[in-house]
Amino acid sequence: MEDPLSMSSGFLAEYTRLKYVFPVIGVTLLGVFLKSFFSRGKETAGPFSRDTRRPRAPLVVDRAARKAVIQNRFQESKIPQDLDAIVIGSGIGGLSVASMMAKVNKKVLVLEQHDRAGGCCHTFVEKGFEFDVGIHYIGELEEENKLRLLIDQLTEGQLAWQPLDNNFDTIVLTNKSTGKPAKVIPIRGGGDAYIQSFIDAFPAEEAAIRRFFVLINEAESHMSTLVMLKVLPYWLCRLAVRLGVIPWLNRLKYFSERSLKSFLDEVTTNEDLKAALGYCYGDYGSPPAEASFLVHALLLNHYKDGAYYPFGGASEIAFHIIPTIVAAGGRVLTSARVTGIVDDGHGRVVGVRVTKGSQEVEVRAPIVVSDAGVINTVRMLSKDVLEKSRSPLSQVVSSVKPGYGCMSVYIGLRGSNEKLNLPARNYWIFKGNKIDDDFAAFMAMKYQTGTVDATVPLLYVSFPSAKDYTFEQRYPGNSCCAVITFAPWEWFESWKDAPKGRRGEEYNELKQIIARAMWKQTCELFPHLKDKEGYFEVGTPLTNQHYIGSSRGEIYGMNHDTTRFSLQSIVDMRPDTQIPGLYLTGQDVCACGFAGAIFGGLICASTILQRNLQRDLQKLGKSLKNLD
């Protein structure tokens, strides 16, 4: 009999040899499939085969004309015949994929549960004030940028953008004892000016700041690998992850599976600087101790050259994309709550069920695209379909948690932007410099009416009216402010089954206590606004659930933590759900926010159309540049 020790030694030697062979095999397979992917669609016309921009038309302010486009209520008689696809949800992830499909003559029906299209791009008007609910500022919209090119094509060049102040963000670190600003840091856009903003505030920490931004740039450089893991065949990507291929290619795993806090702790011991470098975690909703460093890198680079706001308000986005869908025979219908995804009994998705009161309408199409988020999508599917397909969606729901709930305060101000001296910028107001500790303590609080610690750890303060010079023309003599923070779903969960507007006095009292604390903190920075209120409304996590369909009041989809951006979750959260006929788009495919969701739409459309749309977009951009 062979000596066990020699057998063990032989096994270890063989394993040592093979552990290097497997990644090499994996890299070779990835190379073959990458070449195949990048050659897709070269012979046929795609959504970006030609420049579809046209001269910009005047801003449409007629409410009836706007309502006809973005508030086209669902009726069974309005459903087009012979649909090519159905999209659940009219956020930018849903509208973008529908528009790209429409540009290759696909007839697409978009169904929106709210009474107006746009998702987080919609606006509402009350008592002479207009408020946006999600589009506060967007970066990378310079003429030569890929995001700008994509939006221009989806809107046929009809959407214009107004730049914010050069100092587009301001960080305010508050003294906990006095409640007054202790350190105010203006952040400026434009190449070196962005990094210099931090250096000016912390001159002794210049080396640490520059080191941090070297890491930021390296992390962002690996985004192409993330996209690759979402478009190449699922089995191949799973195999690549299991064989350890990705770390052989680059350091995506190193950046995506480590927290922002771990990098901050490495580069500096200065707590004020850590807070400053991590200031915009509110843009994706995960505090530094949880957030994937990769997401933070994407965010900082997104805004390094400044920020923009849609001319005419956030509703302009949906208003100008919808006609491209209609032009191909499709429709965007509102007040259409999808309550189920229909299958053929053999595991293939073939349509959706729309519930209107006591009536159910079944709508069929060979392709269904969900912009409703992973959790809502799973809830719409039958258990039988999930089990037959072995889709990764169930695993995603069990391993990745939803983002944190959000509270928004909308304040209508009596007085114009000029009269009140309102800046076209955002303010990030922190309770102190221990931003992780303060966030955790706040989220762990047990809020009760009548007994509340009034200090909120993070406030995002914005003046949307100052970012759009048409606001004064449309709402003369008025202006507006939005104040946003995070809040646990659990504070409001006991009212989740009560209809909107009938949740009772205790609910109203609780949300007013928190909202008034938020407004009080805001007025410490802007004392001249205290007596200018003309309108005051509060949105809670339940409000978000009602209007944008979020599962637990979150605004950024699944949590942007290191679990979500593990290599396995990156592979699993992809457009191709592994359920025939069903695809995902939007924030849960790529990342949060307007840019993340629209690129989620681009990746989804690439998957459905079996075409490398990123390459097509780059090719179009190059041809337009040559014409110039």
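Nothing here was measured: the structure is a model prediction, and the numbers come from that model.

### Side note on the overall build of the protein chain
Right, on to step 1. A count of helical and extended segments in the protein chain gives 26 helices and 19 strands.
Right, on to step 2. Taken over the C-alpha trace, the protein chain has a radius of gyration of 25 Å; the compact-globule value for 628 residues is 25 Å, and the two agree within 12%.
Right, on to step 3. Over its C-alpha atoms, taken along the principal directions, the protein chain stretches across nearly 90 × 65 × 60 Å.
Right, on to step 4. Within the span of the protein chain, comprising 628 residues, buried residues form 58% of the whole.
Right, on to step 5. Excluding contacts between residues fewer than 6 apart, the proportion of contacts in the protein chain whose partners are at least 24 apart in sequence is 75%.

### Observations regarding the pairing of strand S6 (residues 167–174)
Right, on to step 1. Of all 8 residues that make up S6, 8 are buried, and the element is covered over most of its length.
Right, on to step 2. Pairing geometry for S6 and strand S7 (residues 181–188), over 7 bridges, is antiparallel. Across the sheet, residue Asn167 finds its bridge partner in S7, namely Arg188.
Right, on to step 3. Between the antiparallel neighbours S6 and S7 lie 6 residues, among them Gly179 with a positive phi of about 75 degrees.
Right, on to step 4. Looking at chain direction, S6 and strand S15 (residues 426–430) are connected through 5 bridges and run parallel. Among the inter-strand pairings, Ile171 is bridged to a residue of S15, identified as Trp428.

### Looking at the sheet that holds strand S12 (residues 359–364)
Right, on to step 1. The 3 strands are arranged S10-S11-S12 in an open sheet whose pairing can be described as antiparallel. Where the open sheet ends on each side, the last strands, each with one partner, are strand S10 (337–343) and S12. Mean inter-strand twist for the sheet, computed between neighbouring axes without regard to direction, equals 25 degrees.

### Digging into the pattern of salt bridges
Close approach of charged atoms lets side chains of opposite charge pair.
Right, on to step 1. One pass over the full model with this rule turns up 31 salt bridges.
Right, on to step 2. As a salt-bridge pair, Glu524 and Lys180 come within 2.9 Å of each other at their nearest N and O atoms. A residue pair is termed long-range when its members are at least 10 positions apart, and Glu524 in helix H22 (residues 505–525) and Lys180 in the loop between S6 and S7 qualify at 344 residues.
Right, on to step 3. Here Glu362 and Arg364 are joined by a salt bridge, their closest N and O atoms 2.8 Å apart.
Right, on to step 4. Arg364 gets classed as partly exposed once you look at its relative accessible area, which sits at 48%.
Right, on to step 5. By sharing partners, the salt bridges in this structure join Lys261, Asp265, Glu271, Lys274 and Lys434 into a single network.

### A word on the sheet that holds strand S18 (residues 533–539)
Right, on to step 1. Taking strand neighbours across the sheet as the criterion, the 7 strands line up as S7-S6-S15-S16-S17-S14-S18 in an open arrangement whose pairing is mixed. Bordering the open sheet on either side are S7 and S18, each of which pairs with just one other strand. Averaged over all pairs of adjacent strands, the angle between their axes in this sheet comes to 15 degrees, without regard to strand direction.
Right, on to step 2. Contacting S6 and S7, helix H5 (residues 192–201) crosses the sheet at an angle of about 160 degrees to S7.

### So, the layout of surface pockets
Right, on to step 1. In this structure, the second largest pocket encloses a volume near 420 Å³.
Right, on to step 2. If you go around the second largest pocket, you meet 18 residues; those closest to its centre are Arg63, Arg66, Val125, Glu130 and Tyr475.
Right, on to step 3. Of all the elements in the fold, those that place two or more residues in the lining of the second largest pocket are helix H2 (63–70) and strand S3 (123–126).
Right, on to step 4. Broken down by element, the lining of the second largest pocket gets its largest block of residues, 5 residues, from H2.

### Focus: helix H4 (residues 146–154)
Since one α-helical turn is 3.6 residues long, residues separated by three or four positions face the same way.
Right, on to step 1. Counting buried positions over the 9 residues of H4 gives 8, a clear majority of the element.
Right, on to step 2. Residues Leu147, Arg148, Leu149, Leu150, Ile151, Asp152, Gln153 and Leu154 constitute the buried set of H4.
Right, on to step 3. On its buried face, H4 is in contact with helix H3 (92–102), strand S5 (161–163), helix H13 (293–303), helix H14 (316–326), helix H25 (593–609) and helix H26 (613–627).

### A word on the pairing of S15
Right, on to step 1. Counting buried positions over the 5 residues of S15 gives 5, a clear majority of the element.
Right, on to step 2. Here S15 shows a buried face lined by Asn426, Trp428 and Phe430 and a second buried face lined by Tyr427 and Ile429.
Right, on to step 3. Here S15 pairs with strand S16 (residues 458–462) via 5 bridges, running antiparallel. Following the sheet pairing, Phe430 is matched in S16 by Leu458.

### Concerning the packing of aromatic side chains
Right, on to step 1. Applying the stated criterion to the full structure yields 34 aromatic pairs.
Right, on to step 2. Ring plane angle 90 degrees and centroid distance 5.9 Å describe the contact between Tyr194 and Phe198, whose orientation is recorded as edge-to-face. Here Tyr194 pairs with Phe198, and both are found in helix H5, just 4 residues apart, close to one helical turn. The pair formed by Tyr194 and Phe198 is uniform in burial state, with each residue classed as buried.
Right, on to step 3. Consider the rings of Phe439 and Phe486, whose centres lie 6.1 Å apart with planes at 70 degrees: the pair is edge-to-face. Here Phe439 is found in helix H19 (residues 435–444), whereas its partner Phe486 is found in strand S17 (residues 478–486), with 47 residues between them in sequence. Accessibility classification places Phe439 together with Phe486 in one group, the buried group.
Right, on to step 4. Directly above the ring of Phe263 sits Arg258, whose terminal nitrogen or CZ lies 4.0 Å from the centroid.

### What about the environment of Arg574?
Right, on to step 1. Examined against the element boundaries, Arg574 turns out to sit in the loop between helix H24 (567–572) and strand S19 (582–584).
Right, on to step 2. The class for Arg574 is buried, based on a relative accessible area of 2%.
Right, on to step 3. Ignoring anything within four residues of it in the chain, the contact list for Arg574 reads Leu229, Lys230, Val231, Leu232, Pro233, Tyr234, Cys237, Leu584 and Val589.
Right, on to step 4. A polar contact is formed between the side chain of Arg574 and the backbone oxygen of Leu229, at a distance of 2.7 Å.

### What about empty space enclosed by the protein?
Right, on to step 1. In the structure shown here, the tally under the stated rule is 4 cavities of 30 Å³ or more.
Right, on to step 2. Looking at the largest cavity, its volume works out to about 60 Å³.
Right, on to step 3. If you go around the largest cavity, the residues you meet are Thr123, Glu130, Phe131, Asp132, Tyr309, Gly313, Pro464, Ser465, Asp468, Phe471, Arg474 and Cys480.
Right, on to step 4. Listing elements by their share of the lining of the largest cavity, those giving two or more residues are strand S4 (129–132), helix H20 (464–467) and helix H21 (470–474).
Right, on to step 5. Top contributing element to the lining of the largest cavity by residue count: S4, with 3 residues.

### Structural notes on the nonpolar core
Right, on to step 1. Of all hydrophobic cores here, the largest spans 194 residues; its most connected members are Leu111, Phe198, Phe212, Tyr279, Phe492 and Phe594.
Right, on to step 2. Here this core gets 11 residues from one element, more than from any other, and that element is H25.
Right, on to step 3. What Leu111 contacts, discounting residues up to four positions off in sequence, is Phe74, Ile86, Val87, Ile88, Gly89, Ser90, Leu333, Ala336, Val338, Val352 and Val354.
Right, on to step 4. The next biggest cluster of nonpolar side chains, apart from the first, holds 8 residues, and it includes Phe124, Phe129, Tyr410 and Cys480.

### Some details on the packing of H4 against H26
Right, on to step 1. Between H4 and H26, the least distance of the axes is 10 Å, while the angle of their chain directions is 95 degrees. Overall, the two elements H4 and H26 adopt an arrangement that is roughly perpendicular. Counted together, Lys146, Leu149, Leu150 and Gln153 of H4 and Gln614, Leu617, Gln618, Leu620, Gly621 and Leu624 of H26 form the full contact between these two elements.
Right, on to step 2. Here the contact of H4 with H26 is built from residues that sort into 5 nonpolar, 4 polar and 1 charged.

Calculation rules
Residues numbered from 1 in each chain as written. Predicted model: local features only at pLDDT ≥ 70, side-chain atom pairs only at ≥ 80, totals over all residues. Heavy atoms only, no water. Helix = DSSP H or I, 4+ residues; strand = E, 2+ residues; numbered from the N terminus. Rg over C-alpha atoms; globule rule 2.2 N^0.38 Å. Buried < 20%, exposed > 50% of the residue type's maximum accessible area, 1.4 Å probe, protein only. Contact = heavy atoms within 4.5 Å. Pairing = 2+ DSSP bridges. Axes fitted to C-alpha atoms, helices over the stretch in contact; angles between N-to-C directions. Salt bridge = Lys/Arg side-chain N within 4 Å of Asp/Glu carboxyl O. 1 Å grid on protein atoms, 1.4 Å probe; cavity = no way out; pocket = protein on both sides within 12 Å on 5 of 7 lines; lining within 4 Å. Points joined across faces, edges and corners; volume = space filled by probe spheres on them. Phe/Tyr/Trp six-rings, centres within 6.5 Å; stacked < 30°, edge-to-face > 60°. Lys NZ or Arg CZ within 6 Å of the ring centre and 35° of its normal. Polar contact = N/O pair within 3.5 Å; in protein donor to acceptor, adjacent residues only side chain to side chain. Core = buried A, V, L, I, M, F, W, Y, C linked by side-chain atoms within 4.5 Å. Parallel < 35°, antiparallel > 145°, perpendicular 65-115°, else oblique. Nonpolar A, V, L, I, M, F, W, Y, C, P; charged D, E, K, R; others polar.

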